[in-house]
Amino acid sequence: MAELRSIVRGTLLENEPMTRHTTYGIGGPAAAFVTPRDRKDLSKILKFASQHSIQTFFIGSGSNLLVADQGIDGIVITPAKALTNLEFNGGRVTVESGVMLGRLVKECNNRNLTGMESLIGVPGTLGGALVMNAGAFGGEISNNLVNVDVMKMNGQIETLNHGDVDFAYRFSTFSKDEFILLARFDLEQGDPRQIQERSHKASRGRKSSQPLRFRSAGSVFKNPEEQAAGYLLDQAGLKGTKVGGAEISTHHANFFVNHGDAKSADIAELIRIARKRVYKKFKIKLDLEVKTIGFNQKDLDPHAS
Ligand SMILES: Cc1cc2nc3c(=O)[nH]c(=O)nc-3n(C[C@H](O)[C@H](O)[C@H](O)COP(=O)(O)OP(=O)(O)OC[C@H]3O[C@@H](n4cnc5c(N)ncnc54)[C@H](O)[C@@H]3O)c2cc1C
């Protein structure tokens, strides 16, 4: 830790509760929580972690993340609040990974650039949005993507073109040891009225369908091909199911909410219950959308051997 402390020029928080860095407000302490000051800083930290075989986790703003109660024995690195440059050159937008998606959407809307407007209200950073291929109301972040700069664990920067990465529904093939630095998008001028309309529609849809008063990580499961996960969970009678301080939302069954004192073990148990009940009723195995740190498969999957 002393060696790491001597390297980091940005912020290093030791034994940092992940409750502060996840929208669930859940998760044990990370041994080291680092916000690098810049690329040079990041490159030194990655090389250090790699040379010492220290487990390293990249996160954005933790809005799609469930961290185990025992915490993270490694280094957590985020670009949030550090890599926050956003530049426009006509329709070319260059965005650093720590930029909040909401800011990106707003700035594009203000310039009448179309393509981002339906993502209004999706929490998180640009980095997290790319890894998750975040989407809403018909739009996906990868739609107008040109390329992405990533830093490897050896500190080298590589530019990945859109075609180098596979994107699908809440899925991308970025590797776990690639830190997303920035992305470039090409957007076209659109009709301001239509852009506003699409944004308003997305905002209204979100407000009416999601339990936004409570802490959550958005949808817990991906929608299987057959039906929306929320519908299956609802039909399996799971709305309102509680474990400890966590509950399957009565508003939207695919949102699991923290009523204040939930542990990650409570959410994990709800995940197991939900998967078991949906499989029993529909013979459908639900896949997690939420990313997890610190769990065994059997903690989250009643069908795991
Ligand atoms: C109320 C609510 C509503 C939501 N609605 C939607 C929705 O409509 N559509 C939708 O798609 N999602 C939705 N989400 C989920 C979440 O907002 C998105 O998945 C978001 O894109 C995650 O961004 P993040 O920065 O918080 O990423 P995190 O949760 O921090 O991380 C997500 C993944 O990205 C990786 N990652 C993050 N940053 C980097 C980086 N710089 N380099 C490499 N890897 C990185 C992490 O390792 C992790 O695997 C919602 C969440 C909430 C709480």
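Calculation criteria
Residues numbered from 1 in each chain as written. Predicted model: local features only at pLDDT ≥ 70, side-chain atom pairs only at ≥ 80, totals over all residues. Helix = DSSP H or I, 4+ residues; strand = E, 2+ residues; numbered from the N terminus. Rg over C-alpha atoms; globule rule 2.2 N^0.38 Å. Contact = placed C-beta atoms within 7 Å. Pairing = 2+ DSSP bridges. Axes fitted to C-alpha atoms, helices over the stretch in contact; angles between N-to-C directions. Near = placed C-beta within 6 Å. Nonpolar A, V, L, I, M, F, W, Y, C, P; charged D, E, K, R; others polar. Domains from an automatic or database assignment. Expected span 1.5 Å × (residues − 1). Buried ≥ 20, exposed ≤ 12 C-beta atoms within 10 Å, placed from the backbone. Arc of directions from axis to C-beta.

**A few points about the overall build of the protein**
Each helix and strand in the protein was counted, giving eight helices and 20 strands. The C-alpha atoms of the protein give 20 Å as radius of gyration, which agrees with the globular expectation for 305 residues (19 Å, within 12%). When the backbone C-alpha atoms are referred to their principal axes, the protein occupies close to 55 × 50 × 30 Å. The contacts of the protein with a sequence gap of at least 6 include a subset with a gap of at least 24, amounting to 64%.

**Regarding the sheet that holds strand β11 (residues 145-151)**
Strand order in this open sheet of five strands is β6-β7-β15-β11-β12, and the pairing throughout is antiparallel. Edge positions in the sheet fall to β6 (86-89) and β12 (157-161), since each of these pairs with one other strand and no more. On average, each strand axis in the sheet is inclined to that of its neighbour by 15 degrees, with strand direction left out of account. For β6 and strand β7 (residues 92-96), the ladder comprises four bridges, and the chain directions are antiparallel. Within β7, the residue paired with Asn-89 across the bridge is Arg-92. Across the sheet, helix α2 (residues 39-51) touches β11 and β15 (179-186), and the angle it forms with β11 is around 55 degrees.

**Let's talk about the site of the ligand**
Every one of the 31 residues lining the ligand counts as a neighbour, but Gly-60, Gly-124, Gly-127, Gly-128 and Gly-218 are closest to it. When residues of the shell around the ligand are traced back to their parent elements, those giving at least two are α4 (126-132), β9 (135-136) and β15. Among the elements that take part in the shell around the ligand, α4 stands out by supplying five residues, more than any other. For the shell around the ligand, the residue count by class is 15 nonpolar, 15 polar and one charged. In this structure, the shell around the ligand is formed jointly by two domains, domain 1 (2-77) and domain 2 (86-209), each of which donates at least three residues.

**Details of α2**
Under the 1.5 Å per step criterion, the end-to-end length of α2 is 18 Å for 13 residues, consistent within 8% with the ideal 18 Å. Listed in full, the buried residues belonging to α2 are Leu-42, Ile-45, Leu-46 and Ala-49. End-on, the buried residues of α2 take up no more than an arc of 100 degrees, which puts them together on one face. Structural note: α2 exposes Lys-40 and Gln-51 on the side pointing more than 90 degrees away from its buried face. In this fold, the buried residues of α2 make contact with α1 (2-7), β2 (29-35), β3 (56-58), β5 (72-77), β11 and β15. One or two residues past the end of α2 sits Ser-53, with phi positive at roughly 50 degrees.

**Looking at unusual backbone geometry**
Phi is positive for Asn-133, which is not a glycine, with a value near 45 degrees. Mapped onto the elements of the fold, Asn-133 is located in the loop between α4 and β9. You will see that Lys-283, though not glycine, has its phi angle at about 55 degrees, which is positive. Tracing the chain through its elements places Lys-283 in the loop between α7 (264-282) and β20 (291-293).

**Notes on the sheet that holds strand β18 (residues 246-248)**
Reading across from one edge, β17-β18-β19 is the order of the three strands in this open sheet, with antiparallel pairing throughout. The outermost strands of the open sheet, each flanked by one partner alone, are β17 (242-243) and β19 (256-258). Examined bridge by bridge, β17 and β18 share two bridges and lie antiparallel to one another. Counterpart to Val-243 in the pairing with β18 is Ala-246. Where α7 meets the sheet, it contacts β17, β18 and β19, and its direction lies at approximately 25 degrees from that of β18.

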